[in-house]
Protein chains: 2
Amino acid sequence: MEAQHARSDYGLERVPGKDIQSRITALQESLVAESLDGAFLLQNVDVYYFSGTLQRAILFVPASGEPALMVIKSFQRARNESPLEGVYPLSGREAILPLLADLGHGAFKRVGLELDVLPAAQYIWFLKKFPQTAFVDVSPAIRSQRMIKSAYEIEQIRRATTVVDGDYREIRGRIREGMPEIEVDGLLAGLARRGGHMGVMRIRGWNQEMPTAHVLVGETGAGLSCCETPVNGIGITPAMPQGASFGRVVRNQPIYIDHGVAINGYHSDQTRTLVIGKLDATLARAHACSVEILKQLEAEIRPGIACSEIYTMAKTIADAHGLAAHFMGHGEGQVNFLGHGIGLEIDELPVMAPRFNLPVQEGMVFALEPKFIFPALGTVGIEDDYRVTADGLERLTLTEQDLLYIQQE
Amino acid sequence: MEAQHARSDYGLERVPGKDIQSRITALQESLVAESLDGAFLLQNVDVYYFSGTLQRAILFVPASGEPALMVIKSFQRARNESPLEGVYPLSGREAILPLLADLGHGAFKRVGLELDVLPAAQYIWFLKKFPQTAFVDVSPAIRSQRMIKSAYEIEQIRRATTVVDGDYREIRGRIREGMPEIEVDGLLAGLARRGGHMGVMRIRGWNQEMPTAHVLVGETGAGLSCCETPVNGIGITPAMPQGASFGRVVRNQPIYIDHGVAINGYHSDQTRTLVIGKLDATLARAHACSVEILKQLEAEIRPGIACSEIYTMAKTIADAHGLAAHFMGHGEGQVNFLGHGIGLEIDELPVMAPRFNLPVQEGMVFALEPKFIFPALGTVGIEDDYRVTADGLERLTLTEQDLLYIQQE
């Protein structure tokens with residue numbers, strides 16, 4: 001059952017004021033703990049997380065007291081969408097200095113900036129304008145805070161999983177032998193959008209891009225490329241070397257579909273393997289191993305288990321099935337990774353990887369994606385979304401975990 | 001007639017070696033002119049422009065001699081796609097120091113970095129690793145160079161305009177009264193992808209996002225938002241405040257569609273106004289003014305005319321029709337802007353704006369987009385793609401410029 005959210009003048013659902021309040025409070029606790037006078041937030045997603053609006057703005061959060069949302073465009077819209085009290089029009093970046101002085105902020109010793117994403121030229125601008133100030137990276141604190149989701153946030157991700165589930169149902173009725181991967185991809189893009197997908201998928205990592213779907217049939221699923229993920233796809237051009245290719249749906253070959261949707265900014269990220277006919281026995285066994293891994297993790301993950309341990313548990317099962325060489329990639333493309341946090345970005349914390357020793361905590365939401373890649377045959381696997389509860393794991397994904405067989409007349 | 005391009009191992013069209021060679025030569029001339037020892041290029045699009053591959057890599061271009069493409073992932077694929085001679089595997093960022101030393105590069109005094117896009121943390125890394133080196137922004141030189149397109153590049157943009165034209169034809173047969181804007185948007189995304197769109201639109205400006213289409217019916221076309229463009233749309237959430245809304249197609253209201261496609265990385269960006277029934281007289285007159293502006297600019301633009309002058313010519317026509325308050329936005333949303341370069345990014349140079357005095361040159365490719373926004377009625381206008389020839393302007397857009405009437409049975 002969905003909560004009723006207050007709506008903006010444009011009729012859009014606003015972020016609840018109590019969420020914004022508790023996010024600001026948590027950030028201020030981090031700022032105090034790190035002896036920062038405040039933080040300037042400029043990245044669109046971080047501004048949205050802490051203010052409820054993605055309008056073009058600079059958000060100054062002092063270590064204590066009211067944040068100042070200084071808006072370049074659109075001020076009217078930002079004021080209407082944000083529950084923050086202090087929303088001010090800004091003629092341009094230069095104008096933050098007199099405005100902050102008016103608000104009683106200044107003489108900063110240490111201030112946070114999002115150094116992982118802020119472009120160098122903007123960083124250099126801050127160094128010049130605040131020559132007495134030491135700037136430190138506030139992104140680790142923000143990413144750590146954003147790792148734990150509120151009830152509101154989990155509701156949005158749940159809505160997104162519902163759209164993805166509907167898309168898998170509908171696409172099963174529309175895929176035909178001989179259909180190009182890019183056509184299936186295009187159908188999914190259309191279904192997702194009609195279902196309420198906000199139209200883009202967001203990834204924090206620089207230079208990375210995230211299409212709405214990867215549709216990979218047979219050996220194209222084993223294509224090598226630049227993504228920081230086990231599966232890339234070939235794409236249709238070296239200029240966008242991932243995702244669907246000009247390859248076509250072939251009977252008895254795996255149709256691997258990694259598909260995402262975002263609702264009110266929050267992503268679901270899911271993978272299913274579809275097939276027309278009957279899958280090669282090697283691939284079918286590997287797929288069954290993906291399911292076995294998820295079932296076991298669903299039974300064993302609870303608060304306190306280290307993320308690295310989750311990776312190890314999955315790898316141990318894969319190894320026991322003799323699938324070590326195919327688990328999470330092959331050859332140059334193999335990665336030590338099993339899953340990732342999801343939220344306003346698709347590459348949130350935590351990461352299920354060998355060196356990520358953080359224990360799982362209640363309120364984390366992540367995708368687990370055991371996958372197996374066979375160079376000549378293709379890729380199989382599943383990816384489901386989960387939230388960590390007080391004593392275990394709740395699966396948010398609605399779609400059945402087995403191979404999805406397509407009945408063709 | 002399309003040229004035949006060499007293909008990669010994955011069967012994808014490679015960038016011609018002579019294009020890569022001439023791009024490197026031109027960059028090296030800039031480096032020499034600015035007394036730089038070389039430049040590190042890291043942004044995916046710039047790496048693609050100068051190497052022919054978008055694999056994860058650091059490209060070092062010395063002021064003279066062979067560039068070094070140092071590839072983190074996938075080395076195999078990068079070596080296959082790039083016409084460059086010097087392609088090397090890289091275990092991680094740290095490894096560039098010994099590798100460059102091996103190649104005889106070092107003791108840098110002044111080196112270029114892409115300061116407009118490179119994240120601050122990476123800039124700080126370069127400062128630490130090369131403490132004797134002054135880093136300067138090489139992006140203005142790169143953007144200036146990329147402004148002039150080769151025959152190969154113009155061919156790619158031409159192919160993209162052809163896909164957009166086909167999409168406008170097909171969507172006219174599928175739009176129905178009552179259809180939500182997001183459904184029309186989804187249909188266009190699917191058509192574009194089936195037609196060979198690479199799946200993402202790229203924009204260099206930080207924090208900016210570019211969906212495949214903006215579908216805006218009636219007053220939603222006048223919605224205020226954060227985009228650095230005259231028209232934003234409302235979107236369906238404050239988290240993605242642009243483009244199609246939950247609003248529906250209504251008879252006699254303008255259906256404004258700004259739609260882009262990218263082929264081999266190169267964008268076309270076009271806008272058409274569609275209507276079922278008969279458009280309000282005010283809007284119809286404003287649309288006719290858009291057409292008049294483009295027709296006049298097509299007749300008058302030639303090499304040597306300043307970009308600012310092109311903006312002024314358009315504004316003069318709008319003013320003469322009494323449309324000054326609606327030209328390129330209204331109220332807070334009005335912008336001094338008429339067009340922008342297109343290429344590997346949708347926000348390339350030149351910009352047709354008051355302070356952009358650069359003269360138009362042969363080989364430039366840009367979109368001109370005279371649009372009129374009426375708060376209660378909606379948005380009308382057109383946007384066409386052009387290339388500058390030796391003595392004038394060639395229209396690359398294939399679609400008719402008049403209002404596109406949709407015949408409904």
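What you are looking at is a predicted structure, and each value in this text was computed from that prediction instead of being measured. (Residues numbered from 1 in each chain as written. Chains lettered and ligands numbered in written order. Predicted model: local features only at pLDDT ≥ 70, side-chain atom pairs only at ≥ 80, totals over all residues. Heavy atoms only, no water.)

### Thoughts on the relation of the copies chain B and chain A
Now for step 1: The transform that puts chain B on chain A rotates by 180 degrees and translates by 0.0 Å along the axis, for an RMSD of 0.0 Å. Such a turn and shift between the copies fits a two-fold axis.
Now for step 2: When the interface residues of chain B are mapped onto chain A, 100% of them again lie at the interface, so the same face is used by both copies. (Least-squares fit on C-alpha atoms with pLDDT ≥ 70 in both. Contact = heavy atoms within 4.5 Å.)

### Let's talk about the interface of chain B and chain A
Now for step 1: Across the boundary between the two partners, chain B contributes 65 residues, which contact 66 residues of chain A.
Now for step 2: Across the chain B/chain A interface, buried area totals approximately 6000 Å², and carbon plus sulfur atoms make up 57% of it.
Now for step 3: Among the residues chain B hides against chain A, the three largest losses belong to Arg193, Trp206 and Pro238 of chain B. Together they make up 13% of the total.
Now for step 4: The interface formed by chain B and chain A holds six salt bridges in total.
Now for step 5: Two residues, Arg56 of chain A and Glu228 of chain B, come together in a salt bridge whose shortest N-O distance is 3.5 Å.
Now for step 6: Put simply, chain B and chain A have 42 residue pairs in polar contact (both at pLDDT 80 or more) between them. (Buried area = accessible area lost by both parts, 1.4 Å probe. Salt bridge = Lys/Arg side-chain N within 4 Å of Asp/Glu carboxyl O. Polar contact = N/O pair within 3.5 Å; in protein donor to acceptor, adjacent residues only side chain to side chain.)

### Digging into the nonpolar core
Now for step 1: If you look at the biggest cluster of nonpolar residues, it comprises 45 residues, and the most contacted ones within it are Phe40 and Ile96 of chain A together with Phe40 and Ile96 of chain B.
Now for step 2: The contacts of Ile96 of chain B, once residues within four sequence positions are left out, are Phe40, Ile58, Met70, Leu90, Trp125, Phe126 and Phe130 of chain B. (Core = buried A, V, L, I, M, F, W, Y, C linked by side-chain atoms within 4.5 Å. Buried < 20%, exposed > 50% of the residue type's maximum accessible area, 1.4 Å probe, protein only.)

### Quick word on the domain arrangement of chain A
Residue and element names in this part refer to chain A.
Now for step 1: Partitioning chain A into structural domains gives domain 1 (17-145) and domain 2 (147-406).
Now for step 2: Using only C-alpha atoms to locate each centre, domain 1 and domain 2 end up separated by 34 Å.
Now for step 3: Facing the 16 residues of domain 1 at the interface are 14 residues of domain 2.
Now for step 4: Buried surface at the junction of domain 1 and domain 2, summed over both partners, amounts to about 1200 Å²; 45% is from carbon and sulfur atoms.
Now for step 5: It is Val45, Tyr48 and Arg143 in domain 1 that bury the most area against domain 2; as a group they hold 43% of the surface buried on that side.
Now for step 6: Along the contact surface separating domain 1 from domain 2 lie three salt bridges.
Now for step 7: Across the salt bridge formed by Arg204 and Asp116, the nearest N and O atoms sit 2.8 Å from each other.
Now for step 8: In this structure, the connection of domain 1 to domain 2 is made through 13 residue pairs in polar contact (both at pLDDT 80 or more).
Now for step 9: Sorting the residues of the side of domain 1 that touches domain 2 by element identifies helix H1 (17-33), helix H2 (44-51) and helix H6 (139-146) as the ones contributing at least two each. (Domains from an automatic or database assignment. Helix = DSSP H or I, 4+ residues; strand = E, 2+ residues; numbered from the N terminus.)

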